[in-house]
Amino acid sequence: MSDSKESEIPAGAVEKSPLLPALYLIPVTLGDTDCSRVLPSYNHDVVTGIRHFIVENLRSARRFLKKVDKGIDIDSLTFRELNEHTDIRTITDYLEPLEKGHEPVGVISEAGCPAVADPGAAVVEMAQKRNLRVIPLVGPSSMILAVMSSGFNGQSFAFNGYLPVKDSERASKLRKLEARAWSEDQTQLFIEAPYRNLKMFDTILSVCRKDTRLCVAAGLTCPEEFVKTKTVADWKKSPEPDINKVPAIFLLYRS
């Protein structure tokens, strides 16, 4: 009979994660896409090794975790929400499991890569200021995919987020972005609330030069994916793209 004994985890104890104590930035699918299509298998190992999550939306985060692994025990995990409605002054303890308990913490956006045009940037900033390790994982970024597929300048580009809602202010901003695209040879990216996509599209056609090129990249990596680049003049002669209520990125560039 061997004298060696297998190590056992005491009842009620939590098994130590094999991951490094760090803040992991976990990309999410951009829509109803199979994880295996857009996420490395390594991400699965990271996700299943984390017990503490900082998420933009609790419901979508739980749904994503089950999508990654149906066997995940959601009730054993802790979640802290961080979104546009969160008072940044209340997140000072969000990193306690990492800072004091030396446990890995994951950040999950509602879609795509966390901390890029995303509220999660605030907690990453906090981790950097506290000299905590930050580990970004590979996953889909709609901005990068849009630049890749546009045919525009991929060495110099700028993401401008949401443009003003008021018609006059939006038109003025579009003219400024168009001017930068021509004068600085820089691709200009921006987004709109999906239900206002067609209004944005129509405004671009009415404001921009006929020889300015516009790329519309919508539903990236999803079944409804649509990516097309044309001059403003050619767009005016084409059928309106089917992008209503579909997450989209608009890109402007010179001819």
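Everything discussed here concerns the structure shown above.
Residues numbered from 1 in each chain as written. Predicted model: local features only at pLDDT ≥ 70, side-chain atom pairs only at ≥ 80, totals over all residues. Heavy atoms only, no water.

Enquirer: Quick question: what am I supposed to make of helix α6 (residues 142-150) here?
Expert: An α-helical turn contains 3.6 residues, so any two residues separated by three or four positions project in the same direction. Residues of α6 that are buried: Met143, Ala146, Val147 and Ser150. Take α6 and look down its axis: the buried residues cluster within an arc of 95°, on one side only. Where α6 is buried, its residues meet β6 (157-162), β7 (187-191), β8 (213-218), β9 (226-231) and β10 (248-253). In the segment just after α6, Gly151 is the residue with positive phi, at about 85°. (Buried < 20%, exposed > 50% of the residue type's maximum accessible area, 1.4 Å probe, protein only. Helix = DSSP H or I, 4+ residues; strand = E, 2+ residues; numbered from the N terminus. Arc of directions from axis to C-beta. Contact = heavy atoms within 4.5 Å.)

Enquirer: Explanation requested: the packing of aromatic side chains in the structure shown.
Expert: Any aromatic ring pair is given by two values, namely how distant the centres are and how the planes are angled relative to each other. Using the criterion set out here, one finds four aromatic pairs in the structure. Both rings, one in Phe190 and one in Phe250, keep their centres 5.9 Å apart while their planes meet at 15°; by these two values the pair is stacked. Of the two residues, Phe190 sits in strand β7 while Phe250 sits in strand β10, which places them 60 residues apart along the sequence. Per residue, the accessibility class of Phe190 equals that of Phe250, and both read buried. Judged by centre distance (5.3 Å) and plane angle (85°), the rings of Phe201 and Trp235 are edge-to-face. Here the residue Phe201 occupies a position in helix α8 (residues 197-207), and Trp235 occupies one in helix α9 (residues 232-236), the gap between them amounting to 34 residues. The ring of Trp182 carries Arg209 above its face, with NZ or CZ at 3.8 Å from the centroid. It is Lys230 that lies over the ring of Trp235; its NZ or CZ is 5.0 Å from the centre. (Phe/Tyr/Trp six-rings, centres within 6.5 Å; stacked < 30°, edge-to-face > 60°. Lys NZ or Arg CZ within 6 Å of the ring centre and 35° of its normal.)

Enquirer: What's the story with the pattern of salt bridges in this structure? I'm lost.
Expert: In a structure, side chains of opposite charge can pair up when their charged atoms sit close to one another. Taken as a whole, this structure holds 13 salt bridges when the rule is applied. The salt bridge involving Asp185 is made with Arg254; its shortest N-O contact spans 3.4 Å. With a gap of 69 residues between them, Asp185 in the loop between α7 (167-183) and β7 and Arg254 in the segment after β10 connect regions that are remote in the sequence. Judged by its relative accessible area of 29%, Arg254 falls in the partly exposed class. Here Arg209 makes a salt bridge to Asp211, at a shortest N to O gap of 3.1 Å. Among the residues examined, Arg209 registers a relative accessible area of 39% and is labelled partly exposed. When salt bridges that share partners are traced, they join Asp167, Arg170 and Lys199 into one network. (Salt bridge = Lys/Arg side-chain N within 4 Å of Asp/Glu carboxyl O.)

Enquirer: Just to check I follow, could you spell out the pairing of strand β3 (residues 78-81) for this structure?
Expert: Two faces belong to every sheet, and in a regular strand the side chains alternate between them. Where strand β2 (residues 52-55) lies against β3, four bridges are found, and the strand directions are parallel. Paired with Val55 across the bridge in β3 is Glu81. Crossover β2 to β3 through helix α3 (residues 58-68) is right-handed. (Pairing = 2+ DSSP bridges. Right-handed = clockwise from strand over helix to strand, strands pointing away.)

Enquirer: Would you take a moment to explain the sheet that holds β3 for this structure?
Expert: One key point about sheets: their strands pair by backbone hydrogen bonds, in either a parallel or an antiparallel sense. On the basis of which strands lie adjacent, the open sheet formed by five strands has the order β3-β2-β4-β1-β5 and parallel pairing. Bordering the open sheet on either side are β3 and β5 (134-136), each of which pairs with just one other strand. Pairs of neighbouring strands in the sheet enclose a mean axial angle of 25°, with direction left out of account. As paired elements, strand β1 (residues 23-26) and strand β4 (residues 105-108) share four bridges and run parallel to each other. When the bridges of β4 are listed, Ile26 appears paired with Ile108. With respect to the sheet, α3 is in contact with β1, β2, β3 and β4, its orientation differing from that of β3 by roughly 140°. Contacting β1, β2, β4 and β5, helix α5 (residues 121-129) crosses the sheet at an angle of about 155° to β1. (Axes fitted to C-alpha atoms, helices over the stretch in contact; angles between N-to-C directions.)

Enquirer: Just checking my understanding: could you explain α5 for this structure?
Expert: Among the residues of α5, those classed as buried are Ala122, Val123, Val124, Met126 and Ala127. In the core, the buried residues of α5 are packed alongside β1, β2, β4 and β5. Just downstream of α5, Asn131 is the residue with a positive phi angle, here 60°.

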